[in-house]
Amino acid sequence: MPALVTLAVTLAGIGHAQPWRDELATWSAATRPVGDLVRLAGTIDAATGPYYLLMHGWTALAGTSPTALRLPSALAMAGAAALTARLGERLVTARVGLLAGLLLAVVPSTSRYGQEARPYALATLFAMLATLLLVGALRRSTGWRWTGYALAVAALGLTHLIALTLLAAHGLVVLLATWRGPAAAGLDSPALDQAANATTGRSRGGLVGWWVVALLPAALLVTPLVLLAREQRSRQLDWVHLARPADLTALPGGVAQSGVVGGLLVGLAALGAGRLGRRALLPGAAIVLPVLLLFAAGTLVPLWVTRYLVFTVPFACLLAGAALAGVRLAPALAVVTLAGVLGLPDQAALRRTHEWPRSAPVDYRGAARVITAHRQPGDAIVYSPRQSWLFLDLGIAYHLGARSPRDVLVVRDQRQRADLWASECARPADCLAGVPRVWLVVSGQRTDPLAAVPGEKGFALRDDFTVHQVWPRPGITVALLTR
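Residues numbered from 1 in each chain as written. Predicted model: local features only at pLDDT ≥ 70, side-chain atom pairs only at ≥ 80, totals over all residues. Heavy atoms only, no water.

If you had to explain the overall build of the protein chain to someone new, which residues and values would you point to?
Of the regular secondary structure elements, the protein chain holds 24 helices and seven strands. Taking the principal axes of its C-alpha atoms as reference, the protein chain extends roughly 85 × 45 × 45 Å. In the protein chain, which comprises 483 residues, the proportion classed as buried is 55%. Taking the intrachain contacts of the protein chain between residues at least 6 apart in sequence as the baseline, contacts between residues at least 24 apart amount to 78%. In the form shown here, the protein chain has an accessible surface area of approximately 19,700 Å², with 63% of it arising from carbon and sulfur atoms. Between the averaged position of the 43 positive side-chain charges in the protein chain and that of its 25 negative side-chain charges there is a distance of 10 Å. (Helix = DSSP H or I, 4+ residues; strand = E, 2+ residues; numbered from the N terminus. Buried < 20%, exposed > 50% of the residue type's maximum accessible area, 1.4 Å probe, protein only. Contact = heavy atoms within 4.5 Å. Areas by Shrake-Rupley, 256 points an atom, 1.4 Å probe, with all protein chains shown as cover. Lys, Arg positive; Asp, Glu negative; His and termini not counted. Charge placed at Lys NZ, Arg CZ, Asp CG, Glu CD.)

Describe the pairing of strand 6 (residues 466-473), naming the residues involved and giving the relevant values.
Two faces, one strand: in a regular strand the side chains alternate between the faces of the sheet. Bridge analysis of strand 6 against strand 7 (residues 476-482) gives seven bridges, and the strand direction is antiparallel. Paired with Arg 473 across the two strands is Ile 476, which belongs to strand 7. (Pairing = 2+ DSSP bridges.)

Quick one: what's the story with helix 5 (residues 66-91), residue by residue and with numbers?
Turn by turn, an α-helix covers 3.6 residues, leaving residues three or four places apart pointing in a common direction. Its 26 residues give helix 5 an end-to-end C-alpha distance of 38 Å, which sits within 8% of 38 Å, the value for a rise of 1.5 Å per residue. Along helix 5, the helix axis deviates most sharply at Pro 72, where the bend reaches about 30 degrees. (Expected span 1.5 Å × (residues − 1). Bend = angle between axes of the 7 residues up to and from the residue.)

Describe the side chain of Arg 307, with residues and values.
Following the sequence through the fold, Arg 307 ends up in the loop between helix 16 (281-298) and helix 17 (313-324). By relative accessible area, which is 17% here, Arg 307 ends up buried. At 3.2 Å, the side chain of Arg 307 forms a polar contact with the side chain of Tyr 120. If sequence neighbours within four positions are ignored, Arg 307 has contacts with Trp 20, Asp 22, Tyr 113, Tyr 120 and Trp 239. (Polar contact = N/O pair within 3.5 Å; in protein donor to acceptor, adjacent residues only side chain to side chain.)

Residues and numbers for the sheet that holds strand 5 (residues 437-443), please.
Consider a sheet: its strands pair through backbone hydrogen bonds, and that pairing is either parallel or antiparallel. Ordered in space as 2-1-5-7-6, the five strands form an open sheet in which the pairing is mixed. The open sheet terminates on both sides in strands that have one partner only, identified here as strand 2 (406-407) and strand 6. Sheet topology note: the strand 5/strand 7 ladder contains seven bridges and is antiparallel. Across the sheet, residue Leu 440 finds its bridge partner in strand 7, namely Ala 479. Sheet strands in contact with helix 24 (residues 455-464) are strand 1 (380-384), strand 5 and strand 7, and its direction is about 135 degrees off that of strand 1. (Axes fitted to C-alpha atoms, helices over the stretch in contact; angles between N-to-C directions.)

Explain the nonpolar core residue by residue, including any values.
Counting 134 residues, the largest nonpolar core has Trp 146 and Tyr 149 as the members making the most contacts within it. The biggest single contributor to this core is helix 8 (residues 120-139), with 14 residues. Membership of the second largest hydrophobic core comes to 17 residues, among which are Leu 432, Val 435, Phe 465 and Ala 479. (Core = buried A, V, L, I, M, F, W, Y, C linked by side-chain atoms within 4.5 Å.)

What follows is the structure, encoded as structure tokens:
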């Protein structure tokens, strides 16, 4: 039931919002040959490289429409809801699992990242899968169970490096289950009782040994990505500020994509943790430890990005489900419905635009329609700024495809540079020679778009062209220049 509800919610309007800047990066990377993808990982987005490789295979089969790009994320969120329900059943009761899964379905961030062609939904899926497999391995320790856990952890790390902070919670539970018994770890298992009460050091360390060995495949696969991502951090996260205490207070609304729903979820989770007692250890630690670890690291290096912690939301829903399970089913479902109703404004907003903040959308599709309606043979196109996270050129290219005017200033495109940005000629006036009309695409809404173009490119355009017509669109302006 939670999986079906989540799938229905995430599929509703999944293709309505146009791809935003991060999704344009996914489209640009996924549509390159595998060799170019490997080269790209050496330049930027190494941590996202495995996801791009997955999407390369997916887009070859399903295409690159907004719906096709986002469908894997929708399926992943539905799977995460199912695993949340099963984990709640394993740790507490089936009712707790049901309510937790339904809560996850209506939290706006589930739709936000279930409708985004980025790896966060997959990270959420693998976080829940790894945790569920860990519980199974602790309750009955076998080689096959630990192998499944090892594969899930490896997939988690390949999907999103920050999500590996979840292993701190896993390690805590393994240690407590081994040294102080299953009750201390919030678990209940005769096999664990035997392991915990054994007198020999070998028996007491058996589960820890299995767990450490299970982490080795992830370590081998992820270490090269970590080393590459470390070298790329200054370029890729130059827009991120150091973490501040105020960031923690804004976290619930950020990860839930709704301040009111985030606040409700935190309140219910706190009540659920109190009701569960020691059984709240695993879901509670899966929330608190990743947050604290990322915040601590974020005070030293710019890493604090709220969406990196979206994988903690199902654990909060699990605790909240435990709080709701203390009342009859009808009132509990009423609270779930209330959470869904409170999140409706945010649900509607995220289906209009994925840009953040939502008050500053960029209408690439509207700009492309203007060019399509008025384009003539021989036209060229120029972007300003080119080296920007707005990806103006990718946004227009996504919507126009082969119908896009010639990008006259480009000397090496994104694929040739193994990058997300193209490079332009050093003498723009020479590259513009012989071009009768230029489509100028600039960021923001401009009444005088030529004045917004800096440097030699601006001088060349102002010297040789005049503005024929301007079409302002949200977050972007298109101007037709004639010689």
